[in-house]
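So the chains spell out like this:
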Amino acid sequence: MHVSERMFEVRDKPEMVERALLVRICSDRREAQEAESLLEELGELVTTLGINVTESVLAFTRSLHKKYLCGTGKAQEIVDLAKAHECDCIVFDNMFLPSQKRNWEELADICVIDREEVILDIFSKRAHTREARLQVDLARMQYSLPRLTRMWGHLDREGGGAGGGKGGGGAARGMGEQQIEVDRRLARTRIDQCKRELAEVRKQRSTRRKEREKQGTPCAAIAGYTNAGKSTLLNQLSGSDIMAKDMLFATLDTTTRAIELPDGQPLLLTDTVGFVRNLPHRLVEAFKATLEEAVLADFIVHVLDASSPEVQKFYDTTVEVLEELGANDKPTVVVLNKIDVLNDPVKLAGLEVTFPNTVSVSAITGEGMEELLMKCATLLADRVQVHTYRIPQQRGDLTGILHRDAKVLETDYEGNDVLLKAVVPAKIAGKLADFID
C-alpha cells in the first residue's frame, strides 16, 4: 500500500502500546465524583484493549486552557509522571481538538490518545459483519480527516515557501502540503464510499424488515449500557449461543432471534450495541443503521446491571441516546439484570420502585425469565386475540389460514366441525369472527 494510503488511518494503538497513564482534566471540583467514575470506566475501556494501566490521575485546573486544556505547569507534571512510570502512552478521558492532541504529543514525545480514539480502536477490533465494519471505517475516517496535518508535519518545511527573484511569485507550496491534500482527497473518497455502501446495506435491511412486517411478527430491541448482560439475556431467552463476554462492547453486530411468548405469539428480539457515557457523536451517527432497530421496534427491553453502583447513570445514558435516535417514546420494559450478583434485597426493592415497569432477572441462572416474557406478552396483548373457533371441515381454507398465520393451541373434532383454539393476529381476526365458538 502506498504511504499516502495508510497515513490517514487511525494508528493501531493496541499493537504498539503496553503501559498507559490515564488522565482526566476537570475544571469543576463539584464534578469530582462523576469525573472519577468516568476515569474508572476509561480504565475498563483501555484494559479491554489489552493495555496495562499504571495509574489514573484526575487533574484539576481553574479553567480550561486552549493549548493543553490545563496550564503548562500541570501538563508538564502529567508528562513527568508518565515518564516516571515508563509509560509509552497517555490516555485522556477528555475529547481533544486535533491541535490539542498535537500539542500534547510534542510535549510528551510519546503516544497520546483521547477517549474517542480508544472507543474507535475497540470497535475496529470487534466488528465482524460487513455493516459493522463499514460503520467503524466511516467513523475512523471522519475522526482521522482533521488530524492529517499532524501526520505530515515533518514534510511541511520541505520545498520552501515564497521564492525570491523574478521567478519567485510566492505561491510555491511544500511537498508536505501537497501530500496532505492527496491524503485528504483519499480520505474524503473513502468516506463517500463508506456512506454509499452503508446506504446499500440499509436498503437490504429495509427489504428484510418489510418481509418481517408482512408476516406481522412483532419486534423488540434489547438496549442498555455496555456489559449490562444484553447478549446473555438474549441467549437465555432464545436458547442461542451469541458471544457474551464480561467485557465492554462485546457485541457490535446486530443479532435477531425468534422466540415464543407465553400466549403463543412469536416475537423477534434484536441485540444492539451497548452505550457508554460521552459516546462520541460521530459513533452514534455511524451506527444508526444498527441502532435503528431500536427506533423501529415495537418496544424496548432496557437492560440494567442492577449490581452496579452507577445503575442510575447507566440508565440515564441509555435513555439519552435513545432520545437522540428518536426511540424514547417506545413502550419499555426495564430489566434489572444480575440479581444473582447483587444479593441485596433492600437495594433491589429500591431499584424496582425507582425505575418504571421493571422485572428483576438473572440472565445467567434464568431467574425471572417467565415474568419477563409475560411482560412482553402484555405489551403486545392488543395485537392478538385468543379464541376457540368452530369451523366446518369443508372450510379447509379457514383452517389453513389459522395454521399458517396464527398459533393453534388446541385441535378437537365434534361432528362435522373442527374446534381450534388459537392465538390470532388482529389482521386476520375479522375474517374468522363468524366462526368463534
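Residues numbered from 1 in each chain as written. Predicted model: local features only at pLDDT ≥ 70, side-chain atom pairs only at ≥ 80, totals over all residues. Heavy atoms only, no water.

Structural notes on the pattern of salt bridges
Our working definition: The term salt bridge refers to a side-chain nitrogen of Lys or Arg lying within 4 Å of a carboxyl oxygen of Asp or Glu. Under the DSSP-based scheme used, a helix requires at least four consecutive residues in state H or I and a strand at least two consecutive residues in state E, with every element numbered from the N terminus. Relative accessibility decides the category of a residue: with a 1.4 Å probe and only protein chains considered, values under 20% of the type maximum give buried, values over 50% give exposed, and everything between is partly exposed.
Within this structure, the stated rule accounts for 15 salt bridges. We note a salt bridge from Asp 121 to Arg 140, for which the minimum N-O separation is 3.7 Å. With Asp 121 in helix H5 (residues 115-126) and Arg 140 in helix H6 (residues 130-144), this pair connects stretches of sequence that are 19 residues apart. We note that Asp 121, like Arg 140, is buried. Arg 190 is the salt-bridge partner of Asp 137, the closest N and O atoms lying 3.3 Å from each other. Separated by 53 residues along the polypeptide, Asp 137 in helix H6 and Arg 190 in helix H8 (residues 175-215) bring together distant segments of the chain. Overlapping salt bridges bring together Arg 24, Glu 41, Asp 93 and Arg 115 as one network.

Quick look at the environment of Asp 344
Note that Asp 344 resides in the loop between helix H13 (339-342) and helix H14 (345-354). Looking at Asp 344, the relative accessible area reads 33%, which means it is partly exposed. A sequence separation of 38 residues divides Asp 344 from Ala 306, and the C-alpha atoms of the two residues are 9.9 Å apart.

Brief notes about the nonpolar core
As a reminder, the rule being used: Nonpolar cores are built from buried Ala, Val, Leu, Ile, Met, Phe, Trp, Tyr and Cys residues. Side-chain atoms within 4.5 Å join them into one set. In this description, contact between two residues means that some pair of their heavy atoms is separated by no more than 4.5 Å.
Core analysis: the biggest nonpolar cluster contains 42 residues, and Leu 22, Leu 42, Val 46, Cys 89, Val 91 and Val 118 have the highest contact counts within it. If we ignore the near neighbours within four places in the chain, the residues touching Val 46 are Leu 22, Ile 51, Val 53, Val 91 and Val 118. Among the nonpolar cores identified, the runner-up in size contains 24 residues, and Ala 220, Ala 228, Leu 237 and Leu 373 belong to it.

What to know about the confidence of the model for the protein chain
For clarity, the threshold we go by: pLDDT: the predictor's confidence for each residue, scored from 0 to 100.
When pLDDT is averaged across the protein chain, the result is 80; 82% of the residues are at 70 or more. Confidence drops under a pLDDT of 50 for residues 1-14, and excluding neighbours within four residues, the segment shows 44 contacts in the predicted structure.

Quick notes on the side chain of Arg 115
Under the convention used in this document: What qualifies as a polar contact is a pair of N or O atoms within 3.5 Å, subject to a donor-acceptor requirement within protein and to the restriction that residues adjacent in sequence count only when both atoms come from side chains.
Checked against the element boundaries, Arg 115 lands in helix H5. Residue Arg 115 is classed as buried on the basis of its relative accessible area, which comes to 0%. Polar contacts involving the side chain of Arg 115 include one to the side chain of Glu 41, which spans 2.4 Å.

What to know about the packing of helix H9 (residues 230-238) against helix H15 (residues 369-379)
When two helices pack together, their arrangement is captured by the angle between the axes and the distance separating the axes. The line we're drawing: Axis lines are fitted to C-alpha atoms, over the contacting stretch for helices. Their N-to-C directions set the angle, which ranges from 0 to 180 degrees. For this classification, under 35 degrees means roughly parallel, over 145 means roughly antiparallel, 65 to 115 means roughly perpendicular, and everything else is oblique. Classification convention: Asp, Glu, Lys, Arg as charged; Ala, Val, Leu, Ile, Met, Phe, Trp, Tyr, Cys, Pro as nonpolar; all other residues, Gly among them, as polar.
For the pair H9 and H15, interaxial distance at closest approach is 11 Å and the crossing angle is 90 degrees. Taken together, the axes of H9 and H15 lie roughly perpendicular to each other. Taking contact as the criterion, the partners of Leu 233, Gln 236 and Leu 237 in H9 are, on H15, Met 369, Leu 372 and Leu 373. For the contact of H9 with H15, the per-class residue count stands at 5 nonpolar, 1 polar and no charged.

Overview of the packing of aromatic side chains
Inclusion rule: Here a pair means two rings of Phe, Tyr or Trp (six-membered ring of Trp) with centres within 6.5 Å. Their orientation is stacked below 30 degrees between planes, edge-to-face above 60, and tilted elsewhere. Counting as a charge over the ring demands two things of the Lys NZ or Arg CZ atom: a distance within 6 Å of the ring centre and an angle within 35 degrees of the ring normal.
For the structure on display, the rule yields 5 aromatic pairs. Seen in terms of ring centroids, Phe 92 and Trp 104 are 4.7 Å apart; in terms of plane orientation they differ by 50 degrees. Their pairing is tilted. Remark: Trp 104 occurs in helix H4 (residues 98-108) and Phe 92 occurs in strand E3 (residues 89-92); sequence separation between them is 12 residues. Among the aromatic side chains, those forming a connected cluster through ring pairs are Tyr 68, Phe 92, Phe 96 and Trp 104. A cation sits over an aromatic face here: Arg 29 above Phe 60, 4.1 Å from the ring centre.

Notes on the environment of Gln 265
Relative to the elements of secondary structure, Gln 265 occurs in the loop between strand E6 (255-260) and strand E7 (266-271). Residues Gln 265 and Val 384, 119 residues apart in the sequence, show an inter-C-alpha distance of 7.6 Å. Discounting chain neighbours no more than four positions away, the residues touching Gln 265 are Pro 218, Ile 259, Glu 260, Leu 380, Arg 383, Val 384 and Val 423.

So, the side chain of Asn 337
One can find Asn 337 in strand E9 (residues 332-337). For Asn 337, the side chain forms a polar contact with the main-chain oxygen of Ala 228, separated by 3.0 Å. Beyond its immediate sequence surroundings of up to four residues, Asn 337 is in contact with Ala 228, Gly 229, Val 303, Leu 304, Asp 305, Ala 306, Ser 307, Val 361, Ser 362 and Ala 363.

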